[in-house]
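Descriptive structure summary
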Amino acid sequence: MDLHTTDDAVIRRIRYFTERERMLRENDLYFYNQPVEEIRGGARVLVRGREMGMYASYSYLGLIGHPRINKAAREAIDKFGTGTNGVRTLAGSLTIHTELEETIAEFKHAEAAVTYSSGYATNLAVISTLMGRGDYVLSDKLNHASIVDGCLMSGAEFRRFRHNDMEDLEHRLQQVPEGAAKLVVADAIFSMDGDMVDFPRIVELCKKYNAWLMMDEAHSVGMLGKTGRGIEEHFDLWDSVDIKMGTLSKTIPSVGGYVAGKKELIQYLRHASRAYIFSAAIPPAQAAAANEAFKVILDEPWRIEKLRANAERFLTGLKGAGFDTLYSTTAIVPVLCGSDERAFALTRQCQHHDLFVLPVVSPAVPEGLARLRATVLAAHEPEEIDYALEVIEKAGKEIGII
Ligand SMILES: *Cc1c(COP(=O)(O)O)cnc(C)c1O
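Keep in mind it's a predicted model, so treat the numbers as computed, not measured.

Moving on, we come to the environment of Thr129. The topology assignment puts Thr129 in helix H5 (residues 119–130). Considering only alpha carbons, one finds Thr129 and Ala275, 146 residues apart in sequence, at a separation of 9.6 Å. Leave out the neighbours within four places in its chain, and Thr129 touches Tyr268, Leu269, Ala272 and Ser273.

So this is what it looks like as structure tokens:
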């Protein structure tokens, strides 16, 4: 296909994008896909030859590179090699997979757990396997894209309720026809805004209307609860989530996704979800790393406390300087900028002062709500956070955000 002489809808889309990227690059405003050259311990990384403080990572507890986790991964390679013999259902299951699934079930206070090769695939698989034509899925407006895609793929009636608005959810539950299966699904901590779902109320509504409750704990495992077990521990409301979904790629420094729940549900997913049956198992090193990481979280509770103190320090500082951080109460901190251009400008200033932080602009967030999506980590020292605050405040004033 010659991109210069042919003209069709696909080529027009590609050209439109190429032009926008070129403009951003010319103005030093293209920040995506920058390779990290080196991890320097703590929360410092080398990018384009400069050492920067990391404020864009999902490794909230700072577990990437943890010696115990690295060792577990190496030992798994020595024992099993680097790949599997295929899909889990056939020859791909290893003892390290079943060990990992037992660890997850125990960590999440569930009877059983099943893993998939990514969090994204997990949401697609679980929602589209359980739900189908004639069923109803009710999903928070700000839910992660993988949930949205799972809902679309399922063919079920897909209703989006206003963000964290439990009145709107109840209204929509009341509209579901008698006898139809219902699934309510939400992020426990929302990935762009850093706020927490109204968990007690959503649990109550699901009980009242006999709906299945699915929680995506991608950002809440390791962040919420005294021992990092997530949203149920935070509210001391155990056994209230039917489908406990999470990823192994954020606080857990590996790759993969999981669902924990009742034994029959998990066994059904193992035999009915296509992403499990038709896609290769998690590689041994990554399964072992994930397995060890859950244990490290329990053995090193100071990380959770430090993460919380760091998040509070960062949020308080930003609010004090006059920034709008929406309803965030967690280590995911949106720093609202307004227009996409302002978000790009603030990012550029931060990166010039060695803060590796990234912008989120439309269409990922609504127009006018472009932002830095900063994350703090347990690995940050208080002085590093104070330095970051100084840089962001100074730049925010120059650009006219505050
Ligand atoms: C990151 C994320 C996922 C996808 O997980 P991956 O392991 O990266 O595929 C799913 N849900 C939420 C809320 C996420 O933030």
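Now for the pairing of strand S6 (residues 157–161). Strand direction decides the pairing type here: strand S5 (residues 136–140) and S6, joined by five bridges, are parallel. Across the sheet, residue Ser139 finds its bridge partner in S6, namely Arg160. For the segment spanning S5, helix H6 (residues 145–154) and S6, crossover handedness is right-handed.

Another aspect to go through is the nonpolar core. Ranked by size, the top nonpolar core spans 104 residues in total, and within it Val184, Ile202, Met215 and Phe314 carry the most contacts. Here this core takes nine residues from helix H12 (residues 284–299), the largest share from any one element. Looking at which domains feed residues into this core, each of domain 1 (24–54 + 301–399) and domain 2 (67–299) supplies at least three. Discounting chain neighbours no more than four positions away, the residues touching Met215 are Ala186, Ala188, Val197, Phe199, Ile202, Ile231, Val241, Ile243, Lys244 and Met245. Ranked by size, the runner-up nonpolar core spans 21 residues in total, among them Cys151, Ala156, Ile243 and Leu269.

Turning our attention to the site of the ligand. Near the ligand you find 15 residues, and of these Tyr120, Asp216, His219, Ser249 and Lys250 are the closest. A distance of 2.6 Å separates an oxygen atom of the ligand from a polar side-chain atom of Lys250. Relative to its free-state accessible area of 380 Å², the ligand is covered by the protein chains to the extent of 86%. Tallying contributions element by element places H5 first for the shell around the ligand, with three residues. Broken down by class, the residue content of the shell around the ligand amounts to two nonpolar, ten polar and three charged.

Cut-offs and rules
Residues numbered from 1 in each chain as written. Predicted model: local features only at pLDDT ≥ 70, side-chain atom pairs only at ≥ 80, totals over all residues. Heavy atoms only, no water. Helix = DSSP H or I, 4+ residues; strand = E, 2+ residues; numbered from the N terminus. Contact = heavy atoms within 4.5 Å. Pairing = 2+ DSSP bridges. Right-handed = clockwise from strand over helix to strand, strands pointing away. Core = buried A, V, L, I, M, F, W, Y, C linked by side-chain atoms within 4.5 Å. Buried < 20%, exposed > 50% of the residue type's maximum accessible area, 1.4 Å probe, protein only. Domains from an automatic or database assignment. Near = heavy atom within 4 Å. Polar contact = N/O pair within 3.5 Å; in protein donor to acceptor, adjacent residues only side chain to side chain. Areas by Shrake-Rupley, 256 points an atom, 1.4 Å probe, with all protein chains shown as cover. Nonpolar A, V, L, I, M, F, W, Y, C, P; charged D, E, K, R; others polar.

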